[in-house]
Amino acid sequence: MQTNDGTGRRAANAARKEAAVRLAALELSEQVGYSAVSMADIARRSGVAERTVFRTFGSKAGIFWHDPFLQRLVHHLDPATAPLDPLTAVSAAAATAAREMTQQDRDLEARRRALILGEPDLMGVGTQSMGRNIGELARRITPPDADAEQRRRLSLFALFAAMALAFVRMDAAKPVDDWITGLHEALSLAAFGPLTGTQRERP
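Residues numbered from 1 in each chain as written. Predicted model: local features only at pLDDT ≥ 70, side-chain atom pairs only at ≥ 80, totals over all residues. Heavy atoms only, no water.

## Topic: the overall build of the protein chain
Helices and strands together make up the secondary structure of the protein chain, namely twelve helices and zero strands. Helices and strands in the protein chain line up, N terminus first, as α-α-α-α-α-α-α-α-α-α-α-α. Taking 17 Å as the expected radius of gyration for a compact globule of 203 residues, we find that the protein chain reaches 18 Å, a close match to that expectation. When its C-alpha atoms are laid out on the principal axes, the protein chain stretches across 60 × 45 × 30 Å. For the protein chain, buried positions account for 43% of its 203 residues. A separation threshold of at least 6 residues defines the contact pool for the protein chain, and within that pool the share at least 24 residues apart is 69%. Charged side chains of the protein chain number 26 positive and 24 negative; the gap between the two group centres comes to 6 Å. (Helix = DSSP H or I, 4+ residues; strand = E, 2+ residues; numbered from the N terminus. Rg over C-alpha atoms; globule rule 2.2 N^0.38 Å. Buried < 20%, exposed > 50% of the residue type's maximum accessible area, 1.4 Å probe, protein only. Contact = heavy atoms within 4.5 Å. Lys, Arg positive; Asp, Glu negative; His and termini not counted. Charge placed at Lys NZ, Arg CZ, Asp CG, Glu CD.)

Below you can see the structure in the form of structure tokens.
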């Protein structure tokens, strides 16, 4: 019979291994370049079995697109109220998720984003790697009685929002509110379109 303490210890151990793998992948890629790093290299550096790394992340790119910030954001969305104003709800959740990050979290997040934005191959696989979180984001902002067209639009917004948030550069040395401003601007562009400014005039 499993105990809550045992389950908690296993979850904490899994989280530690994930963090070790993400840090190892980041450090190695910063040192020798993303393309020169193998999963075996990352496993050795992190002290985690290569099989476990594959099982957890699926691929090398999946390590970098494992996005704790997006997971935190989704966690702060209330499915009962978020559908009433998805843009405001997602913006507020982004601010909350940003403010609860520790300085160490922000340092690592800034480095992860800088690496992704400098690697075209990594940017190209982002949508696939974030699929689960994007699906959950769409679910939380979609009303239960939404028709097919509304569901399509909200699913597109969830996709655009997740990708827009991922591409906001971050400077961990600056106040977190500076980053939050960038996140809000990115979400507005995701909602209204990068070719029309932050908000399109409605007829």
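## Structural notes on the packing of helix α6 (residues 86–99) against helix α12 (residues 176–192)
Relative orientation of the contacting elements α6 and α12 amounts to 155°, with a least axis distance of 10 Å. Of the possible angle classes, the one that applies to α6 and α12 is roughly antiparallel. The way α6 lies across α12 gives a crossing that is right-handed. Mapping the contact onto sequence places Leu-87, Val-90, Ser-91, Ala-94, Ala-95, Ala-98 and Arg-99 in α6 and Val-176, Asp-177, Trp-179, Ile-180, Leu-183, His-184, Leu-187, Ser-188, Ala-191 and Phe-192 in α12. Here the contact of α6 with α12 is built from residues that sort into twelve nonpolar, three polar and two charged. (Axes fitted to C-alpha atoms, helices over the stretch in contact; angles between N-to-C directions. Parallel < 35°, antiparallel > 145°, perpendicular 65-115°, else oblique. Left-handed = near helix turned anticlockwise from the far one by under 90°. Nonpolar A, V, L, I, M, F, W, Y, C, P; charged D, E, K, R; others polar.)

## Here's the deal with the packing of aromatic side chains
In total, this model carries three aromatic pairs according to the counting rule given. With a centroid separation of 6.1 Å and 70° between ring planes, the pair formed by Trp-65 and Phe-167 is classed as edge-to-face. Taken together, the residues span a long stretch of sequence, with Trp-65 in the loop between α4 (60–64) and α5 (68–75) and Phe-167 in the loop between α11 (148–166) and α12 at a distance of 102 residues. Its relative accessible area of 32% is what places Phe-167 among the partly exposed residues. (Phe/Tyr/Trp six-rings, centres within 6.5 Å; stacked < 30°, edge-to-face > 60°.)

## Structural notes on the nonpolar core
In this structure, Ile-63, Phe-64, Phe-69, Leu-73, Leu-77 and Trp-179 are the most contacted members of the largest nonpolar core, which totals 59 residues. Contact partners of Phe-64, with chain neighbours within four places excluded, come to Ala-25, Leu-26, Ser-29, Tyr-34, Arg-112, Leu-115, Ile-116 and Leu-122. (Core = buried A, V, L, I, M, F, W, Y, C linked by side-chain atoms within 4.5 Å.)

## Focus on α6
For α6, spanning 14 residues, the distance from its first C-alpha to its last is 20 Å, which sits close to the expected 20 Å at 1.5 Å a residue. For α6, the complete set of buried residues consists of Pro-86, Ala-89, Val-90, Ser-91, Ala-93, Ala-94, Ala-95, Ala-97 and Ala-98. The inward-facing, buried residues of α6 abut α5, α10 (131–141), α11 and α12. (Expected span 1.5 Å × (residues − 1).)

## Observations concerning helix α3 (residues 50–57)
It helps to recall that an α-helix has 3.6 residues per turn; residues three or four apart then point in one direction. Every buried residue of α3 is accounted for by Thr-52, Val-53 and Phe-57. Here the buried residues of α3 occupy an arc of 105° about the axis, which is enough to place them on one side. Exposed and oriented more than 90 degrees from the buried face of α3 are Arg-51 and Arg-55. Positive phi appears at Gly-58, one or two residues downstream of α3, with a value of about 85°. (Arc of directions from axis to C-beta.)

## Looking at the pattern of salt bridges
Using the criterion set out here, one finds 13 salt bridges in the structure. Taking the shortest distance from any N to any O, the salt bridge between Arg-44 and Asp-41 comes out at 2.6 Å. With Arg-44 and Asp-41 both in helix α2 (residues 39–46), this residue pair falls three residues apart, about one helical turn. On the basis of relative accessibility, which here comes to 25%, the residue Asp-41 falls in the partly exposed class. For Arg-99, the salt bridge identified is with Asp-177, shortest N-O distance 2.9 Å. Of the two residues, Arg-99 is situated in helix α6 and Asp-177 in helix α12; the sequence distance between them amounts to 78 residues. Using a relative accessible area of 52% as the deciding quantity, one classes Arg-99 as exposed. Each of Asp-67, Glu-109, Arg-112 and Arg-113 takes part in a single network of salt bridges with overlapping partners. (Salt bridge = Lys/Arg side-chain N within 4 Å of Asp/Glu carboxyl O.)

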